[in-house]
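Each chain is listed here by its residues.
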Amino acid sequence: MNRRVSAWPSSHAPLQHMRLNRNGHSIAFTVAGARAVQAVVVLHGGPGSASQPGMLALFDLTKTRVVLVDQRGAGESLPRGGLRGNRTDCLVEDLEAIRRALGIARWGVIGGSWGAALALAYAGRHPASVLGVVLRGLFLTSRQEVRRLFVTSRRKAPRAWRRLCAAAGCTRASALLACCAKQLRPGAARARQREVALAWRAYEEAILASSRPGRATVSRPRRANAPKAVRTLIAKYRIQAHYLLHDCWLGERRLLAFARMAEHAGVSIHAVHGMRDPVCPVRNLKRLAQAAPTAHIARVRGGHLASDPALKHGVAQAVRAMLGHAPAQNSATLGPHA
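Residues numbered from 1 in each chain as written. Predicted model: local features only at pLDDT ≥ 70, side-chain atom pairs only at ≥ 80, totals over all residues. Heavy atoms only, no water.

Trainee: Give me the overall build of the chain: which residues, what numbers.
Mentor: If you tally the helices and strands in the chain, you get ten helices and ten strands. Expressed as a percentage of its 338 residues, the buried residues of the chain come to 57%. In the chain, once contacts between residues fewer than 6 apart in sequence are set aside, the share between residues at least 24 apart is 71%. (Helix = DSSP H or I, 4+ residues; strand = E, 2+ residues; numbered from the N terminus. Buried < 20%, exposed > 50% of the residue type's maximum accessible area, 1.4 Å probe, protein only. Contact = heavy atoms within 4.5 Å.)

Trainee: Give a description of helix H5 (residues 176–184) that names residues and reports values.
Mentor: The element H5 is extensively covered by neighbouring structure, given that seven of its nine residues are classed as buried. Every buried residue of H5 is listed here: Leu176, Leu177, Cys179, Cys180, Ala181, Gln183 and Leu184.

Trainee: Could you give an account of the side chain of Thr64, naming the residues involved and the relevant values?
Mentor: Topologically, Thr64 is positioned in strand E5 (residues 64–69). With residues up to four places along the chain from it excluded, the contact list for Thr64 reads Ala32, Gly33, Val37, Gln38, Val40, Phe59 and Leu323.

Trainee: Now, about the packing of aromatic side chains: what can you tell me, with residues and values included?
Mentor: Summed over all chains, the structure comprises five aromatic pairs. Taking 4.5 Å as the distance between ring centres and 20° as the angle between the ring planes, the aromatic pair formed by Trp200 and Tyr237 counts as stacked. Taken together, the positions of Trp200 in helix H6 (residues 190–209) and Tyr237 in helix H7 (residues 227–245) put the pair 37 residues apart, joining distant regions of the chain. Given a relative accessible area of 2%, Trp200 falls into the buried group. On the numbers, 5.1 Å between centres and 85° between planes, the contact of Tyr243 with Trp249 is edge-to-face. Residue classification places Trp249 among the partly exposed residues on the basis of a relative accessible area of 24%. Here a set of aromatic residues connected by ring pairs shows up, and it is made of Trp114, Tyr243 and Trp249. Over the ring of Trp161 we find Arg154, and its NZ or CZ is 5.0 Å from the ring centre. (Phe/Tyr/Trp six-rings, centres within 6.5 Å; stacked < 30°, edge-to-face > 60°. Lys NZ or Arg CZ within 6 Å of the ring centre and 35° of its normal.)

Trainee: Talk me through the nonpolar core; I want residue IDs and the actual numbers.
Mentor: Grouped together as the largest cluster of nonpolar side chains are 88 residues, with contacts concentrated most on Val67 and Leu135. Here this core takes nine residues from helix H2 (residues 114–125), the largest share from any one element. Those residues in contact with Val67 that sit more than four places away from it in its chain are Phe29, Thr30, Val31, Val40, Val41, Val42, Ile98, Leu102, Ile104 and Trp107. Core analysis: the next-biggest nonpolar cluster, separate from the first, contains 22 residues, Ala32, Val40, Ile110 and Val300 among them. (Core = buried A, V, L, I, M, F, W, Y, C linked by side-chain atoms within 4.5 Å.)

Trainee: How would you summarise the pairing of strand E3 (residues 25–32) if you had to cite specific residues and measurements?
Mentor: For E3, the tally of buried residues reaches eight of eight residues, placing the bulk of the element in the interior. By the alternation rule, side chains of E3 split into His25, Ile27, Phe29 and Val31 and Ser26, Ala28, Thr30 and Ala32, which are all buried. Bridge count between strand E2 (residues 15–22) and E3: eight bridges; the pairing is antiparallel. Of the residues in E3, the one forming a bridge with Met18 is Phe29. Between E2 and E3, which follow one another and run antiparallel, lie two residues, and Asn23 among them has a positive phi close to 50°. (Pairing = 2+ DSSP bridges.)

Trainee: Summarise the pairing of strand E9 (residues 296–300); cite the residues concerned and give the values.
Mentor: Remark: a regular strand shows side chains that alternate across the two faces of the sheet. The pairing of strand E8 (residues 268–274) with E9 spans five bridges and is classified as parallel. Residue pairing in the sheet places Val272 in a bridge with Ala298 of E9. Crossover handedness for the path E8 to helix H9 (residues 284–291) to E9: right-handed. (Right-handed = clockwise from strand over helix to strand, strands pointing away.)

Shown next, in the form of structure tokens:
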């Protein structure tokens, strides 16, 4: 286990930036908070996104040790955008290896969107290592959800969707994901990779904006299209396409089986989902409740992103409940200040 150079902005919390080398991948992770307290691991979405330092604001770092992991090929992990040996079972075992390397007996697991699916997969495989899980905007890795994103949701952002189709050279809606994956693969023309990554980001942002009052557009700094930022985008969407084409090596039935296994082993499950989520349907909570009837479920007046005030508030409550600092919410509808 090695330390790494920090690319994060300064923080009042002492941060340790570390690496763990596994099977040709260098897994980057950041640790914040004191050692002799409860621990949690935070799992980012995507797949292929990266850890966000803003997540630390959810925690009292005098009471909680927080580990933020950049999954294989994502964020500061290397090789960036690497697909070889990049599967869900590998990510699960990476988490377990990091837990052991840090000397943590059991930790809470917090994940949003794809990170929520990974949290359930990990808890189902290693329930003895898990205090509980908190899920935000649960993604069930189903083909219906992927079709919803790439086909059905085009009605919400038709111009951005057409731009993505043109960039990927796609003529059939049902083939869009496969076309994107082909254009983003290692060795493909760099200019085409750039075009697809930028168009995918624009489409994603348009879909997310469709759930917000006023449908405000995203204002990006100029550096968002700088060469380094574009390389990061290419890696992100290359990994995302790789996972989605393979049902994330899970699928809804298997993922819910992991949820059931975790519950039967005594792992507490807390789920917070935005009622205006345009990416992961809120009905996913009903499927989770059928598989794990003791799950604590909260539907909030929000969208999909972790920065949404209602989601942020709901997740903070769920984290406190998981760690034993507050009673759990169950089958509630919460506003930003509920």
